[in-house]
Number of protein chains: 4
Amino acid sequence: MSVNLPAVSKCAVLTAFNEPLSVREYPMPAELGSGELLVAVELAGICGTDVHLQRGELNVPLPLVLGHETAGRVAAVGGDDPRDWLGNPLAVGDRVSFTVGRTCRHCRYCRVYRRPSRCLNRTAYGVNLTAARPPHLLGGYGEYHFLYADTAVFRLPDDLPSEAVVGAGCALVTAVHGFENLRMQWAESVVIQGSGPVGLAALALAKEAGARPLIVIGGPRERLERCLRFGADLVIDIEEVPDPAKRRQMVLDATGGLGADVVVECVGMPQAVAEGWELCRDGAKYLVLGHYGDAGTTALNPHVITRKELTILGAWGSEPQHWTVALEFLRTRRDRYPFDELITHRVGLGEVNEALDAVARWQTGKAVVCPNG
Amino acid sequence: MSVNLPAVSKCAVLTAFNEPLSVREYPMPAELGSGELLVAVELAGICGTDVHLQRGELNVPLPLVLGHETAGRVAAVGGDDPRDWLGNPLAVGDRVSFTVGRTCRHCRYCRVYRRPSRCLNRTAYGVNLTAARPPHLLGGYGEYHFLYADTAVFRLPDDLPSEAVVGAGCALVTAVHGFENLRMQWAESVVIQGSGPVGLAALALAKEAGARPLIVIGGPRERLERCLRFGADLVIDIEEVPDPAKRRQMVLDATGGLGADVVVECVGMPQAVAEGWELCRDGAKYLVLGHYGDAGTTALNPHVITRKELTILGAWGSEPQHWTVALEFLRTRRDRYPFDELITHRVGLGEVNEALDAVARWQTGKAVVCPNG
Amino acid sequence: MSVNLPAVSKCAVLTAFNEPLSVREYPMPAELGSGELLVAVELAGICGTDVHLQRGELNVPLPLVLGHETAGRVAAVGGDDPRDWLGNPLAVGDRVSFTVGRTCRHCRYCRVYRRPSRCLNRTAYGVNLTAARPPHLLGGYGEYHFLYADTAVFRLPDDLPSEAVVGAGCALVTAVHGFENLRMQWAESVVIQGSGPVGLAALALAKEAGARPLIVIGGPRERLERCLRFGADLVIDIEEVPDPAKRRQMVLDATGGLGADVVVECVGMPQAVAEGWELCRDGAKYLVLGHYGDAGTTALNPHVITRKELTILGAWGSEPQHWTVALEFLRTRRDRYPFDELITHRVGLGEVNEALDAVARWQTGKAVVCPNG
Amino acid sequence: MSVNLPAVSKCAVLTAFNEPLSVREYPMPAELGSGELLVAVELAGICGTDVHLQRGELNVPLPLVLGHETAGRVAAVGGDDPRDWLGNPLAVGDRVSFTVGRTCRHCRYCRVYRRPSRCLNRTAYGVNLTAARPPHLLGGYGEYHFLYADTAVFRLPDDLPSEAVVGAGCALVTAVHGFENLRMQWAESVVIQGSGPVGLAALALAKEAGARPLIVIGGPRERLERCLRFGADLVIDIEEVPDPAKRRQMVLDATGGLGADVVVECVGMPQAVAEGWELCRDGAKYLVLGHYGDAGTTALNPHVITRKELTILGAWGSEPQHWTVALEFLRTRRDRYPFDELITHRVGLGEVNEALDAVARWQTGKAVVCPNG
């Protein structure tokens, strides 16, 4: 361990549901095992999920250091030959980000089904790893973040700012995962339902895959303006066009009268799915990307699936290789899709509660915590 | 035209909705153009759809000769070199069956999307081709059936009885179409929801593809007995086990605790889909095969699609190449899957109304019309 | 038929192998059947294949009007409601292009295998349709071109110049067909072997699909300069680096040491395939796109296919839906990939032989015939 | 460690290339770490590869305990909760088999490309793990076999004899891997080139997938007889029909004149590939399964790949999930495909050299070593 590291790390900790987070100090790990890392946090994204966690809507262990979208600099390394997930050597001072989920490598999803995103024993920094026990520092809202040896860490290239990585957040890797299954062909018509972070990520990926036309249904207006800057051919404002039948007609008009080849749900509200199926041409693909949370049921008609010969796909979270694609995307297409511009709020550990409130009230683009100032 | 053909053909005709069919005589065509055929009907299946047509639940033109599952013998041929869809020469006396749907070859589904099952201008014998105008004889419930030159006709091999073809009916070709998209691998676990004709066809195809275990949920008991004879490893009787949670537990117990790799919906009732998603393991494929008719909406949770990373597939009707597979299946696997045994009622044209009533009251296996006695 | 059309059409005709083409006059068709068209040729590409045809290397019927890459204006239409392949109405004066191959719709490739590019009875304008009999005007090297009703004709949008369509020629649609099978994902590394027309088309498609890095091996230098302008990240000049082992090392250095994810053969020389397999990482896809002609055998090691777990794909010609993609690509990405700039030679019918010689001696970019001046 | 285990294990060891194996004693491991196993070998297959290893044709470290197709009984377990790869508990006395290859989980093939069969740091029992150092017992030709904790071990069900597992050997899991990529559909026509162990395994898998017709080209006659018993519809004896053109005609005659939908190479001789491509219909899939060893180059024509639009696939070794399929296949389809009958020779450790000679002279079905008598 470096002699220059402090003995403790300040963290913003959820100690009781529906209560403000407290700033606490936890001891730094005494030593690091082989492959373990200590990261000085630069930026930790405040995700809408953090609001749900604070409200106790998910069953997670307390106390909990929140924060699952994190970039920082390596502060200490364990073992002789530290490397990132791609085999690049890691040294103190390197800028890194990492996948929040860790998989068990033993369950049937990890092994037989080759689907680690559905690992039965998945742990996630900032979500279900409590600070109650050492190594304590298991979330992004803190000066330092401990990383187990099995974490997929990525050294960030110099021409990829941390702001882009945290600005894109978990939305982009999730979208990369979903689009892997879509296997889009150039010139397919695409409708994106939703203009939030997931919708924007899906829009960027669809644009790069050759979508034409590329249509976004969402709001509010400033988000749709961003969609246009990111390359949408047509945006439909749900406030201006509140009638789904009219929205459908606009999509039909833009797609030769039959509907879109691909529709991507990035809203998270169940009723969007019923509308989305109606936007599909027969034989279309429909990707349900926005339903990470359980928002309940809605009235859906299975006859539509049969009659339209739909292919409906879901994707959950991401795997490390989706990160390699996302990071290269952010690095090389930053001019076209400036995800770093999404960051509107930067706060210290002491201001986390105000920032969480702002996120809960939809007042932010992307808010981030900068625990080291 | 052969000199031996009668001048008229007796047909059972739907002349008004919710009225019994009438036996009428229509003139035989004076001559046949190149590629056109006249078929003496051996067997015409009475499909559940025919009951819906009689009740006026679909908007079809009257008068209408019903019957869209037909086998017969070539009575007259037009042109010099009549051939079936596979290029086999056709002669008077050959036994044939044929696809009921005819596609336009010009719309975007026929051309650009290569999805003729969704042709925008599809016509179907016995469904939407009225008897009001020549050539009149456009359904299976008649002594003779006229076939346009663009019909996909298949000469039946000697070792394939007409009873097997009509017994399997449109269910088998529909299932072949759906399973083409499933691309099953050997040893995948499969649940079939439904033990009617579509479920039985799906069961046979899943069995041949190596499903293990192969589970059927349905009823009544005698249908489940047939499923066991067709190779099901486990049948779950919905009357004996009316609680979906218990049925789910039985599926979990039979599939290592996680759910099935593949679930095929062959019920046609929307609520089956909600149950079906719960029977899927994460990453499973769910094929909606039974919703040919619009039975309305049900409460479905899109979060399940995301969280379970489902792939949900629909398939509508069939294309001629699915017939080539189905006919070979019936011919070579008849010992294992005796679809001809499904036929329980054989009636003449004069008894069609009684048979339709029996079908409507679920009193039949498969009922068939034998217009030529 | 329009009263303004001449009675005859001048054409450049191959009357004997290894002899210069002669300019002949053929009578215009007396009338057009429903769906038939007469096109006044604007531009007819001179393809390398035409040189082979002149040399008698393919067994084609004489006399033959050469020319299978053609754009022109509709001069006369048959029938009441002429439409292009996508259903757009056609009128005299409309600018059009069309697929050169016509399929029979009856053979097993057209029907059962859904693979019309391998139709057993395919005819091709300018290749195997002789001028000996009416309608005579069956190739692009003529003032007028007759089109059968079964031709896939495309009305060209105003913002898509004929030069772009004929400049891209049959190379682009062939590449679209091949890339449909590749199903590239964003950020895959790609090597294109060959910098001729097919290589350039493949380069453009790979670039749009997100290839990174995108490497071209070819020559001469000016073609590689164009590849760089079209977006290649690295070009390897086979004259500067004649040693395949050194070229392989350059590819390995550019792809993390393991080889490329995708390699596309666009050379047409068999030995390129042996080199190409060595450029693949294990698990790569290798697309053989350049072997339209039979250039004989080469020494290949099947062990490489097994050990590297390669997927090797071939694609032949194109289908009409590949044209819809290619035309949209040319229209909307013309700024990035200016295929019209490839045209270096424009000649009249009387200069066709000199232009063919120049093509045979590799002295041209793309040469085109302008039969109407 | 059990008190009943001996202090040493006798093994048949390759100590110098081109020399007979010697029977040596190695010390048993003093203790087992968590997840490690000691297995008392029942049966160890003598694979053709072992002959190549003895001859020094592969660069492997000596001394080496040969044997990479092994079944035995658990003799000792390390750790508290020993489990097999599927999570089943393991106890002393359980019968097991295991994958011979161990992957590093860190290289790009293990991680990014999700292709562990091509792990850059793969080790294989009986192939490249020397007996020079502890734990010594790293091949099947010995009384006891040591297994590292990262080995994919499978507990064998009671109704699956060890003879079936070793009789099928590495051929079956390799074929399962290859067929996973083929994604066969029911009623595809299949040609298997080769009637040895790999060919027989491919035949069984193709039969179960619904191949019709199913054709084998190979020899000698008794192997072809076995192919007929395993379900081949047609066998072509290369001694009786030495002319490839005649063999091709027989395949064409059996497949409607166009060639087979799927051709699987299981010969290992390069020239078989050239013949195999000629047996394919246009659009066919060709799986190169038999070229595990490098047998050099042959003259192949890449034009065939383009013109026929072939898809050519390779597969190397297997992954553990292919074992789960193979073991279930052997267990449930043993009546149809009695792989245990392949075993013709059973020898003790002292007779290994004679058995290896017999394998080298093609005098055996399958020979196995029974080190514990």
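Just so it is clear, the model here is predicted, and its values are computed rather than measured.

Quick notes on the rules
- Residues numbered from 1 in each chain as written.
- Chains lettered and ligands numbered in written order.
- Predicted model: local features only at pLDDT ≥ 70, side-chain atom pairs only at ≥ 80, totals over all residues.
- Heavy atoms only, no water.
- Domains from an automatic or database assignment.
- Contact = heavy atoms within 4.5 Å.
- Buried area = accessible area lost by both parts, 1.4 Å probe.
- Salt bridge = Lys/Arg side-chain N within 4 Å of Asp/Glu carboxyl O.
- Polar contact = N/O pair within 3.5 Å; in protein donor to acceptor, adjacent residues only side chain to side chain.
- Nonpolar A, V, L, I, M, F, W, Y, C, P; charged D, E, K, R; others polar.
- Phe/Tyr/Trp six-rings, centres within 6.5 Å; stacked < 30°, edge-to-face > 60°.
- Buried < 20%, exposed > 50% of the residue type's maximum accessible area, 1.4 Å probe, protein only.
- Lys NZ or Arg CZ within 6 Å of the ring centre and 35° of its normal.

Trainee: Which parts of the structure should I look at to understand the domain arrangement of chain A?
Mentor: All names here are of chain A. Domain annotation for chain A reports domain 1 (8-161 + 334-369) and domain 2 (170-314). Each of domain 1 and domain 2 has a C-alpha centre, and these two points are 30 Å apart. On the side of domain 2, 12 residues touch domain 1, which itself brings 12 residues to the contact. Both sides of the domain 1 and domain 2 interface together cover about 1000 Å² of buried area, and 61% of this is carbon and sulfur. On the surface where domain 1 and domain 2 come into contact, there are zero salt bridges. For the pair domain 1 and domain 2, the interface holds two residue pairs in polar contact (both at pLDDT 80 or more). Residues belonging to the side of domain 1 that touches domain 2 are distributed by class as follows: six nonpolar, two polar and four charged.

Trainee: Help me out: how do you make sense of the interface of chain D and chain A in this one?
Mentor: How big an interface is tends to be stated in terms of the accessible area lost upon association of its parts. With 12 residues of chain D at the contact, the number on the chain A side is 12 residues. Taken over both partners, the interface formed by chain D and chain A buries close to 1200 Å², and the fraction arising from carbon and sulfur atoms is 45%. The largest per-residue losses of area from chain D upon contact with chain A belong to D:Trp85, D:Arg111 and D:Arg114, which jointly make up 47% of the total buried on that side. Here chain D is connected to chain A by four salt bridges. A salt bridge links D:Arg114 to A:Glu319; its shortest N-O distance comes to 3.8 Å. Viewed at the interface, chain A and chain D are joined by four residue pairs in polar contact (both at pLDDT 80 or more). Residues that form the side of chain D that touches chain A fall into these classes: three nonpolar, two polar and seven charged.

Trainee: Which parts of the structure should I look at to understand the interface of chain A and chain B?
Mentor: The interface is formed by 40 residues belonging to chain A together with 40 residues belonging to chain B. Buried surface at the junction of chain A and chain B, summed over both partners, amounts to about 3700 Å²; 57% is from carbon and sulfur atoms. For chain A, the biggest contributors to the area lost against chain B are A:Leu258, A:Thr306 and A:Glu309; these three give 18% of the whole. Connecting chain A to chain B are four salt bridges. B:Arg115 serves as the salt-bridge partner of A:Glu309, at 2.6 Å between the closest nitrogen and oxygen.

Trainee: What is the right way to look at the packing of aromatic side chains in this model?
Mentor: Aromatic ring pairs: the centre-centre distance and the angle between the two ring planes describe each pair. On inspection of all chains with the given rule, the structure shows 44 aromatic pairs over all chains. Here the aromatic rings of C:Phe329 and C:Tyr337 are separated by 5.4 Å at their centres, their planes lie at 20°, and the arrangement is stacked. The two residues C:Phe329 and C:Tyr337 agree in class, both being buried. Cluster of aromatic residues (ring-pair linked, three or more members): A:Trp186, C:Phe230, C:Phe329, C:Tyr337 and C:Phe339. Cation over ring: D:Arg118 sits above D:Trp316, and NZ or CZ is 5.1 Å from the ring centre. Here D:Arg281 stacks its cationic end above the ring of C:Tyr113, 3.6 Å away from the centre of that ring.

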